[in-house]
Amino acid sequence: QVHLVESGGGLVQPGGSLRLSCAASKPAQLFNLYTMAWYRQAPGKQRDLVAAITSRGSTNYTDSVKGRFTISRDDAQKMSYLQMNNLKPEDTAVYYCNSELLGTPRLPWGQGTQVTVSS
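Thresholds applied
- Residues numbered from 1 in each chain as written.
- Predicted model: local features only at pLDDT ≥ 70, side-chain atom pairs only at ≥ 80, totals over all residues.
- Heavy atoms only, no water.
- Helix = DSSP H or I, 4+ residues; strand = E, 2+ residues; numbered from the N terminus.
- Rg over C-alpha atoms; globule rule 2.2 N^0.38 Å.
- Buried < 20%, exposed > 50% of the residue type's maximum accessible area, 1.4 Å probe, protein only.
- Contact = heavy atoms within 4.5 Å.
- Areas by Shrake-Rupley, 256 points an atom, 1.4 Å probe, with all protein chains shown as cover.
- Pairing = 2+ DSSP bridges.
- Axes fitted to C-alpha atoms, helices over the stretch in contact; angles between N-to-C directions.
- Polar contact = N/O pair within 3.5 Å; in protein donor to acceptor, adjacent residues only side chain to side chain.

Visitor: Looking at this structure, how should I read the overall build of the protein?
Guide: Within the protein, the secondary structure is distributed over 0 helices and 11 strands. When its helices and strands are written in sequence order, the protein yields β-β-β-β-β-β-β-β-β-β-β. The C-alpha radius of gyration computed for the protein amounts to 13 Å, which stays within 12% of the reference 14 Å derived for 119 residues, consistent with globular compactness. In terms of overall dimensions, the protein has a C-alpha envelope of 40 × 25 × 25 Å along the principal axes. Sorting the 119 residues of the protein into buried and exposed places 40% on the buried side. Taking the contacts inside the protein whose residues are at least 6 apart along the sequence as the reference set, 54% of them involve residues at least 24 apart. Accessible area of the protein: about 6,600 Å², with a carbon and sulfur share of 48%.

Visitor: Just checking my understanding: could you explain the sheet that holds strand β7 (residues 69-74) for this structure?
Guide: Adjacent strands of a sheet form backbone hydrogen bonds with each other and so pair up, either parallel or antiparallel. What the 4 strands build is an open sheet, ordered β1-β3-β8-β7; its pairing is antiparallel. Each end of this open sheet is capped by a strand with a single partner; those strands are β1 (4-7) and β7. Between one strand axis and the next, the sheet turns by 15 degrees as a mean value, whatever way the strands run. In this structure, strand β3 (residues 18-24) lies alongside strand β8 (residues 79-84), joined through 6 bridges in antiparallel fashion. Within β8, the position partnered with Arg19 by the bridge is Gln83.

Visitor: Help me understand the environment of Asp63 in this model?
Guide: With respect to the helices and strands, Asp63 occurs in the loop between β6 (59-61) and β7. Put simply, Asp63 and Glu6 are 57 residues apart on the chain and 23 Å apart in space, counted from C-alpha to C-alpha. At a separation of 3.0 Å, a polar atom in the side chain of Asp63 contacts the side chain of Lys66.

Quick look at the structure:
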């Protein structure tokens, strides 16, 4: 019943910015209790964790995006966001969000949103 929908991706030039949004479905009544995380997957590559934010607001990021990406959450709106600045071609991937418990994604993967960084 609970699912997440990603949006906000697109084509951007290197150095540009995008803000990704992750919206929880209405049945997600316990959204505020779980860590939210963003992942990305390039063609032929495994899905990698990009950023996570706990229910208390603590964040962590993969080294390659530190200082450039910011994860946030709005529990009242049941949303999570990934602000991506100074984008690089290697950031090109499909970006997914999920809720986690003990570092394990809880929900089926959605469609994701495509981010393409290219001149």
